[in-house]
Amino acid sequence: MSSEEPTPATPAEEPKAAEEAPAEEAKPTEEEEEKVKEEESTATFEPVSSAKSAGLIRWVCRDLDERINYMVKLEEVEVKSGEEDEEVICSFRSKMFLYGETLLDVGTGKKTWKERGIGEARILRHREHQRLRFLMRQEKTMKVIANHALDPRIQLEPNAGSDRSWVWSCYDFAEGELEEKVFALRFANSDVANEFKEKYEECQKEMAKVLAGEDKPDEGGEVAEAAEALGGLKTNEE
């Protein structure tokens, strides 16, 4: 018998558990990265000429104008102030106050002075019948804050403690119906206040003459002649 130890059988070669790891991809150099960035930045960008840009802007603006004109059509409306047949005799910038109840004191009988607004206090004369009235609008909203005939019976009284304001009571139509109100009008200084009072009283005298002329008897027979002429008119149905 041989004394040599038997050589163990060599097992079949097992498949390698892991193949050699693939070589790592080579990293691009800085020059290659810059080249790729440049290609990406220019691949989708196409410069637009200034002429094309201007044409596009004009087209967009024209399209918007057409859409707006189609959607919104405003008709001009003639707005009348009611002063078209009157002429301004005088105008004084001032601040108007009204003596009465505030919204919180309605029904309590408690009355205080409340500011109505700043504007031009004007006296107007009607061109046809020559009557005069006092009119004042709030300068920002143009809302009528005082509107009454220049009644000769109205008396301007000095406001207590002030030489540049006047107080008076009258029947006013600013709210759409005739109401008895007490107004106070304050001016920049006493000179302007006195000038307003002189002009107001002068116009009151003129108003008194106008009213006297309307009430005087028909001495010349003009009214009778006009009535006779109207009586002689005939319609087509008669």
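One can find the structure itself at the top, above this paragraph.
To keep things clear, this report deals only with the structure shown in the data block. (Residues numbered from 1 in each chain as written. Predicted model: local features only at pLDDT ≥ 70, side-chain atom pairs only at ≥ 80, totals over all residues. Heavy atoms only, no water.)

Okay, the nonpolar core next. Phe-134, Trp-168, Leu-185, Phe-196 and Tyr-200 are the most contacted members of the largest nonpolar core, which has 25 residues in total. If you list the elements that add at least two residues to this core, you get β1 (86-100), β2 (112-126), β3 (132-137), β4 (144-149), β6 (165-172), β7 (179-186) and α3 (190-215). If you tally residues by element for this core, the top one is α3, at five residues. The residues touching Leu-185, leaving out its near neighbours within four places in the chain, are Ser-94, Lys-95, Met-96, Ala-121, Phe-134, Met-136, Arg-164, Ser-165, Trp-166, Trp-168 and Phe-196. (Core = buried A, V, L, I, M, F, W, Y, C linked by side-chain atoms within 4.5 Å. Buried < 20%, exposed > 50% of the residue type's maximum accessible area, 1.4 Å probe, protein only. Helix = DSSP H or I, 4+ residues; strand = E, 2+ residues; numbered from the N terminus. Contact = heavy atoms within 4.5 Å.)

Another point: the sheet that holds β4. Spatially, seven strands are ordered β4-β3-β2-β1-β7-β6-β5 in an open sheet, and the strand pairing comes out antiparallel. What marks the edges here is a single partner per strand, and that holds for β4 and β5 (157-158). (Pairing = 2+ DSSP bridges.)

Once that is clear, we can look at the environment of Ala-146. When you line up the elements, Ala-146 lands in strand β4. A relative accessible area of 0% means that Ala-146 is categorised as buried. Between the C-alpha atoms of Ala-146 and Leu-135, which are 11 residues apart in sequence, the distance is 5.5 Å. Look past the residues within four positions of Ala-146 in its chain and what remains in contact with it is Met-96, Phe-134, Leu-135, Met-136, Asp-172, Ala-174 and Phe-183.

Time to look at a nonpolar patch on the surface. Judged by side-chain polarity, Tyr-171, Phe-173 and Leu-178 come together as a nonpolar surface patch covering roughly 370 Å² of accessible area. Locating Phe-173 in the fold gives a position in the loop between β6 and β7. Residue classification places Phe-173 among the partly exposed positions, given a relative accessible area of 43%. (Patch = residues over 30% accessible without salt bridge, like charges linked within 9 Å, V, L, I, M, F, W, Y side chains within 5 Å. Areas by Shrake-Rupley, 256 points an atom, 1.4 Å probe, with all protein chains shown as cover. Salt bridge = Lys/Arg side-chain N within 4 Å of Asp/Glu carboxyl O.)

Okay, the layout of surface pockets next. In this structure, the largest pocket encloses a volume near 460 Å³. If you go around the largest pocket, you meet 19 residues; those closest to its centre are His-148, Ala-149, Asp-151, Tyr-171 and Leu-178. Those elements giving two or more residues to the lining of the largest pocket turn out to be β3, β4 and β6. Taken together, the residues that form the lining of the largest pocket break down as eight nonpolar, five polar and six charged. Computed from the structure, the second largest pocket encloses a volume of approximately 260 Å³. Every residue lining the second largest pocket is counted, 13 residues in all, and those nearest its centre are Leu-98, Tyr-99, Gly-100, Glu-101 and Lys-114. (1 Å grid on protein atoms, 1.4 Å probe; cavity = no way out; pocket = protein on both sides within 12 Å on 5 of 7 lines; lining within 4 Å. Points joined across faces, edges and corners; volume = space filled by probe spheres on them. Nonpolar A, V, L, I, M, F, W, Y, C, P; charged D, E, K, R; others polar.)

Going through the model one piece at a time under the given rule, you end up with 14 salt bridges. As a salt-bridge pair, Arg-122 and Glu-83 come within 3.0 Å of each other at their nearest N and O atoms. One end of the pair, Arg-122, is in strand β2; the other, Glu-83, is in the loop between α2 (50-71) and β1, with 39 residues separating them in the sequence. On the basis of relative accessibility, which here comes to 15%, the residue Glu-83 falls in the buried class. Note that Glu-202 is salt-bridged to Lys-199, the shortest N-O span being 3.7 Å. Taken as a pair, Glu-202 and Lys-199 lie in helix α3 at a separation of three residues, close to a single helical turn. The class for Lys-199 is partly exposed, based on a relative accessible area of 25%. A single salt-bridge network, built from bridges that share partners, covers Arg-116, Asp-172, Glu-175, Glu-179 and Lys-181.

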